[in-house]
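Listed below, chain by chain, are the residues.
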Amino acid sequence: MIYISKGIRKRNFKGGLTVARCGKAVHLSGLRAELWRRGQSGFATTGTKDEELALQDLTRLGLIETEKADAPAVRYWMLTYCTLCPARSFPLPRLTPEEKTILCWLKKAGLRITVAELIYLQSEGIKPTRDLLRAGNRQALVEKIYHPWNIADNLLEQQMESVPCRDLVVETVESLLKKKRLVLI
């Protein structure tokens, strides 16, 4: 089983941790805390029945996304169920050009960008320029991404599933998670 963690790590308490997500704080300890930590920096897998039972509990709490199979398309769909948020971090690790572009979109777009929207922007070669960034230009960005043939509910996500650059964007998002420049909510 593959999974990825959602939420923001708040603080440790007696060997456990507190995870905040959507205004709720959840205290985790033991196996649940260890599993959440493993999935915080990217996709992780489980092997034992105890781990799978703990994952069911974390899923019920809304702190992880899980799937039975591991494939590039599965990883993409798992990220579509998450909100990508830039983390406050120190600029320690060097970023690749792709990571810089995605982080720029996420930080400066003026709205929450989904993984499907990032893939669309990448596939169309749309760069983060001044006329598309910040809150004052969010309508221009939305008009660049959405058209009559992809505006319907969940249609963009379905279309981006088969785009050639999908795996590159998913790998870049996971790399930003590992470098602690991004968190999933």
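Residues numbered from 1 in each chain as written. Predicted model: local features only at pLDDT ≥ 70, side-chain atom pairs only at ≥ 80, totals over all residues. Heavy atoms only, no water.

**So, the sheet that holds strand E5 (residues 44-45)**
- Ordered in space as E5-E1-E6, the three strands form an open sheet in which the pairing is antiparallel. Here the strands that pair on one side only, and so sit at the sheet edges, are E5 and strand E6 (64-67).
- The sheet contact formed by strand E1 (residues 2-5) and E6 spans four bridges and is antiparallel. When the bridges of E6 are listed, Tyr-3 appears paired with Thr-66.
- Sitting on the sheet, helix H3 (residues 72-80) touches E1 and E6, and the angle it makes with E1 is about 30 degrees. (Pairing = 2+ DSSP bridges. Helix = DSSP H or I, 4+ residues; strand = E, 2+ residues; numbered from the N terminus. Contact = heavy atoms within 4.5 Å. Axes fitted to C-alpha atoms, helices over the stretch in contact; angles between N-to-C directions.)

**Observations regarding the packing of helix H4 (residues 97-108) against helix H8 (residues 166-178)**
- Across the interface, H4 lies against H8 with an axial gap of 10 Å and an inter-helix angle of 80 degrees. Judged by the inter-axis angle, H4 sits roughly perpendicular to H8. Residue-level contacts link Glu-98, Glu-99, Ile-102 and Leu-103 of H4 to Leu-168, Val-169, Thr-172, Ser-175 and Leu-176 of H8. (Parallel < 35°, antiparallel > 145°, perpendicular 65-115°, else oblique.)

**Quick word on the confidence of the model for the protein**
- Taken residue by residue, the protein gives an average pLDDT of 93. The fraction at 70 or more is 97%.
- Within the protein, no element has a lower average pLDDT than strand E2 (residues 8-13), which sits at 78, and none a higher one than helix H5 (residues 115-123), at 98. (pLDDT = per-residue confidence, 0-100.)

**Regarding the environment of Ala-73**
- By the element assignment, Ala-73 lies in helix H3.
- Through-space distance from the C-alpha of Ala-73 to that of Trp-105 is 22 Å; in sequence the pair is 32 residues apart.
- Beyond its immediate stretch of four places on either side in the chain, Ala-73 contacts Glu-161 and Arg-166.

**Observations concerning the side chain of Glu-99**
- Tracing the backbone shows Glu-99 in helix H4.
- In terms of polar contacts, Glu-99 uses its side chain to reach the backbone amide nitrogen of Thr-96, at 2.8 Å.
- Aside from chain neighbours lying at most four places away, what touches Glu-99 is Arg-94, Thr-172, Ser-175, Leu-176 and Lys-179. (Polar contact = N/O pair within 3.5 Å; in protein donor to acceptor, adjacent residues only side chain to side chain.)

**Observations concerning the packing of H5 against H8**
- Two numbers describe how H5 lies on H8: the axes approach to 9 Å, and their chain directions differ by 125 degrees. Taken together, the axes of H5 and H8 lie oblique to each other. Seen from above, H5 lies across H8 with right-handed handedness. The residues of H8 that touch H5, namely those facing Val-115, Leu-118, Ile-119 and Gln-122, are Arg-166, Leu-168 and Val-169.
- Among the residues forming the contact of H5 with H8, the class breakdown is five nonpolar, one polar and one charged. (Left-handed = near helix turned anticlockwise from the far one by under 90°. Nonpolar A, V, L, I, M, F, W, Y, C, P; charged D, E, K, R; others polar.)

**Side note on the pairing of strand E4 (residues 24-28)**
- Where strand E3 (residues 16-21) meets E4, five bridges bridge the pair, whose relative direction is antiparallel. Bridge assignment links Arg-21 to a residue of E4, and that residue is Lys-24.
- Two successive antiparallel strands, E3 and E4, enclose a turn made up of two residues, where Cys-22 displays a positive phi of approximately 55 degrees.

**Remarks on the environment of Arg-138**
- With respect to the helices and strands, Arg-138 occurs in helix H6 (residues 138-145).
- For the pair Arg-138 and Ala-87, spaced 51 residues apart in the sequence, the C-alpha separation amounts to 21 Å.
- Apart from residues lying up to four places away in sequence, Arg-138 is in contact with Ala-109, Gly-110 and Leu-111.

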